[in-house]
Amino acid sequence: TDGAASQKDGLPSSASAYKTRLVSQKKEMYKDPPALPPAHIVIEESLAAKPKRNKTTGELTFACGEDDVIQSVLKDFHPNRTPEEVLRAGSFGGTYFRPITSAVTNVK
């Protein structure tokens, strides 16, 4: 059933399962029925390695994990702050650190 399908981790199997998941997590629904996340999303089994910081410039370099397609993007992506550092510095009012469950992956 869609109720059981909406509780499993991973991408939702149908728009109705996604809607059930959004409602059960008390998320805002902008469209009814909601549009499914893109099918090409890959949920990796393990986390990619943490980025390495260049001690001279402070820039971060990221590993691509299991998805080699992103490698070309990552070769030019060298921020000087991690997402956590950006948020702790006050982006979004510094209030984003709270327990949440993803409506897309159903993972907390």
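Presented here is an overview of the structure given in this document. (Residues numbered from 1 in each chain as written. Predicted model: local features only at pLDDT ≥ 70, side-chain atom pairs only at ≥ 80, totals over all residues. Heavy atoms only, no water.)

For the chain, the helix and strand inventory stands at four helices and two strands. Relative to its full complement of 108 residues, the chain shows a buried share of 19%. With the model as given, the accessible surface of the chain reaches about 8,300 Å², and the carbon-plus-sulfur share is 56%. (Helix = DSSP H or I, 4+ residues; strand = E, 2+ residues; numbered from the N terminus. Buried < 20%, exposed > 50% of the residue type's maximum accessible area, 1.4 Å probe, protein only. Areas by Shrake-Rupley, 256 points an atom, 1.4 Å probe, with all protein chains shown as cover.)

What follows covers unusual backbone geometry. Going from Asp32 to Pro33, the amide bond is cis rather than trans, its omega being 5°. Here Pro33 lies in the loop between α2 (15-24) and β1 (52-53). Positioned with a positive phi, Lys26 is a non-glycine residue whose angle comes to about 55°. By secondary structure assignment, the location of Lys26 is in the loop between α2 and β1. With relative accessibility at 77%, the residue Lys26 sits in the exposed group.

What follows concerns the pattern of salt bridges. Overall, the coordinates contain two salt bridges when judged by the stated rule. Salt-bridge contacts for Asp32 lead to Lys19; the nearest nitrogen and oxygen are separated by 3.0 Å. In this pair, Asp32 is assigned in the loop between α2 and β1 and Lys19 in helix α2, connecting sequence segments 13 residues apart. Salt-bridge contacts for Glu85 lead to Arg53; the nearest nitrogen and oxygen are separated by 2.9 Å. With Glu85 in helix α4 (residues 83-88) and Arg53 in strand β1, this residue pair connects regions lying 32 residues apart in the sequence. Accessibility expressed as a relative area gives 38% for Arg53, which makes it partly exposed. (Salt bridge = Lys/Arg side-chain N within 4 Å of Asp/Glu carboxyl O.)

The calculated volume of the largest pocket comes to roughly 280 Å³. Lining the largest pocket are 15 residues, with Glu44, Ala48, Phe62, Ala63 and Cys64 positioned closest to its centre. Taken together, the residues of the lining of the largest pocket sort by class into 11 nonpolar, one polar and three charged. (1 Å grid on protein atoms, 1.4 Å probe; cavity = no way out; pocket = protein on both sides within 12 Å on 5 of 7 lines; lining within 4 Å. Points joined across faces, edges and corners; volume = space filled by probe spheres on them. Nonpolar A, V, L, I, M, F, W, Y, C, P; charged D, E, K, R; others polar.)

It is worth spelling out the packing of aromatic side chains at this point. Given two aromatic rings, their pairing is described by the distance between the two centres and the angle made by the two planes. Tallied over the entire structure, the rule returns one aromatic pair. For the ring pair Phe62 and Phe77, a centre distance of 5.5 Å and an interplane angle of 35° mean the geometry is tilted. Of this pair, Phe62 sits in the loop between β2 (60-61) and α3 (71-74) while Phe77 sits in the loop between α3 and α4, placing them 15 residues apart in sequence. Classification of Phe62 as partly exposed rests on a relative accessible area of 24%. (Phe/Tyr/Trp six-rings, centres within 6.5 Å; stacked < 30°, edge-to-face > 60°.)

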